[in-house]
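Notes for the structure review
For reference, the chains in residue letters:
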Amino acid sequence: MNSNQPIVHEDLSLYGLFSIFIKNWLILTVSGFSFAVAALIWSLYQPNIYKAETLLMPVENDKSSLSGLAGNIGGLASLAGVNLSDSGNNNSKLAIELLKSRKFLTHFIEKNDLLIPLMAVKSWDITSNKLLIDQAVYNSDKQQWVRKAKAPRNAKPSLIEAYEKLITMLEVDIEPKTKFVRISLEYFSPDLAAQWTQSLVAMLNEEVRMMDKKEAEESIVYLKQLASEANVAGLRNVFSSLMEEQIKSQMLAEIRKDYVFKVVDPAIAPELKSKPRRAIIVVVAGFLGGIIGIIIVLFRTGRKSYISSKV
């Protein structure tokens, strides 16, 4: 090659880049289209997921008389192991953390026999309204777990595995202004998603209700003992007042079913899926394919310029 021949470099200005992309439009088109088609095919094989939601209002317990006692004998009540503070807000916070806890959710899974629906189901048949079980995980005919699991996990999933799966399906949001709580659950079947959401709320109310009931009962027994052992009449009156409030709390726990949360908007079976969003998946994949195409074009152009400079 003649050494006096000028070396041609690609113009890397905005106009030059645009010209390069126009010249290589086929690469960009094929790259974007290929990614979009691949994403479409992949998304079509993904099962539909439905989300059921419920809106809850925290129930404030009537603690006005307790608050009055707290100002006068709060220190003595603390020594007696009795909490006189307003527990309505604390109960809702406790319930939210309890809902996400491993102990509560594993109990929920055991109580409702959800191991197979959580760990072996692969999709839902809308025409027959039946769950489709992955036979490579659970053999329906033999009613036996057959999945291949790496140690220390076994063929039959543990409750810990089921909890890890359920917690990813569950979402809890608190509205900052109103303090209302929105609980949502995603699953293959819209009917089961709504049913499980309702059951979670009912079990949550019952769990906290029984905890408060047990605490009130133990407090009453302890206060009775203190009142019988007190030598000063004033102390006996104080313990009697504390006991009266605990009896009120016990009665409230007995009669109120919506103990922590009152259902404002119950969960119903959704008609439309929430996932996968196939249109968005295809658009994003096409965009990423276009970016890959741009990288390929720039790499090819840079390589050609580098080779030309060496000749």
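The preceding data block contains the structure.
Owing to the predicted nature of the structure, the values given are computational and were not obtained by experimental measurement. Just so you know, the residues in each chain are numbered from 1, in the order the chain's sequence is written. Reporting of local features is limited, given that this is a predicted model, to residues whose pLDDT is at least 70; pairs of side-chain atoms are given and counted only at 80 or more, and all residues count toward the totals for whole chains, interfaces and linings. To obtain the side-chain values, all non-hydrogen atoms of the structure were included, while hydrogens and water were left out.

What follows covers the pattern of salt bridges. A side-chain nitrogen of Lys or Arg and a carboxyl oxygen of Asp or Glu constitute a salt bridge if their distance falls within 4 Å. The tally for this structure, following the rule as stated, stands at nine salt bridges. With a shortest N-O distance of 3.6 Å, R153 and E161 are connected by a salt bridge.

Among buried residues, those of type Ala, Val, Leu, Ile, Met, Phe, Trp, Tyr and Cys that are joined through side-chain atoms within 4.5 Å constitute a nonpolar core. Summary of the burial criterion: residues with accessible area below 20% of their type's maximum are buried, those above 50% are exposed, and those between are partly exposed, where the area comes from a 1.4 Å probe applied to protein chains only. Of all hydrophobic cores here, the largest spans 46 residues; its most connected members are L118, L185, Y187 and W196. Every element with two or more residues in this core is listed here: strand 1 (50–58), helix 4 (88–99), helix 5 (102–112), helix 6 (115–119), strand 2 (121–125), helix 7 (159–169), strand 7 (181–187) and helix 8 (190–229). Two residues qualify as a contact provided that any one of their heavy atoms is within 4.5 Å of a heavy atom in the partner residue. Excluding residues that lie within four positions of it along the chain, W196 makes contacts with F108, L114, P117, L118, M169, L185 and Y187. Comment: elements are numbered from the N terminus, with helices defined as DSSP H or I runs of at least four residues and strands as E runs of at least two.

The next thing to look at is the pairing of strand 2. Here a strand pair is declared whenever DSSP counts at least two bridges between the two strands. Bridge count for strand 2 against strand 3 (residues 130–133) is four bridges, and the pairing is antiparallel. Considered in strand 3, the bridge of W124 is made with L131. Connecting the antiparallel pair strand 2 and strand 3 is a turn made up of four residues, with N129 showing a positive phi of about 55°.

Turning next to the sheet that holds strand 6 (residues 170–174). The antiparallel open sheet is built from four strands, whose spatial order is 6-7-1-8. Single-partner strands in this sheet number two, and they are strand 6 and strand 8 (261–265). Pairwise comparison of adjacent strand axes, ignoring direction, gives a mean angle of 30° for this sheet. When strand 1 meets strand 7, the two strands line up antiparallel, connected through seven bridges. Bridge pairing in strand 7 links L55 to R182. Orientation is described by axes fitted as lines to C-alpha atoms, over the contacting stretch for helices, and by angles from 0 to 180 degrees between their N-to-C directions.

As a further point, take helix 5. When helix 5 is considered as a whole, its buried residues turn out to be F104, L105, T106, F108 and I109. Positive backbone phi, approximately 55°, marks D113, located one or two places after helix 5.

The next subject is unusual backbone geometry. Note the cis peptide between A151 and P152, where omega equals 15°. Assignment of secondary structure puts P152 in the loop between strand 5 (144–145) and helix 7. One non-glycine residue, N129, adopts positive backbone phi at about 55°. Positionally, N129 belongs in the loop between strand 2 and strand 3. Of note, the phi angle at Q143 is positive, near 50°, even though the residue is not glycine. Residue classification places Q143 among the exposed positions, given a relative accessible area of 62%.

Each packed pair of helices is defined by two parameters, the angle between the axes and the distance between the axes. Taken N-terminus to C-terminus, the directions of helix 5 and helix 7 make an angle of 100°; their axes are 9 Å apart at the nearest point. Judged on the interaxial angle alone, helix 7 and helix 5 are roughly perpendicular. Residue-level inspection shows R102, L105, T106, F108, I109 and E110 of helix 5 in contact with helix 7, the latter providing L159, I160, A162, Y163, L166 and I167. Residue classes follow a fixed rule: Ala, Val, Leu, Ile, Met, Phe, Trp, Tyr, Cys and Pro count as nonpolar, while Asp, Glu, Lys and Arg count as charged, and any other residue, Gly among them, counts as polar. Within the contact of helix 5 with helix 7, the residues separate by chemical class into nine nonpolar, one polar and two charged. Angular relationships are summarised with four words: roughly parallel below 35 degrees, roughly antiparallel beyond 145, roughly perpendicular across 65 to 115, and oblique for the angles in between.

It is worth stressing that arrangement in space is one thing and function is another; only the former is reported here.
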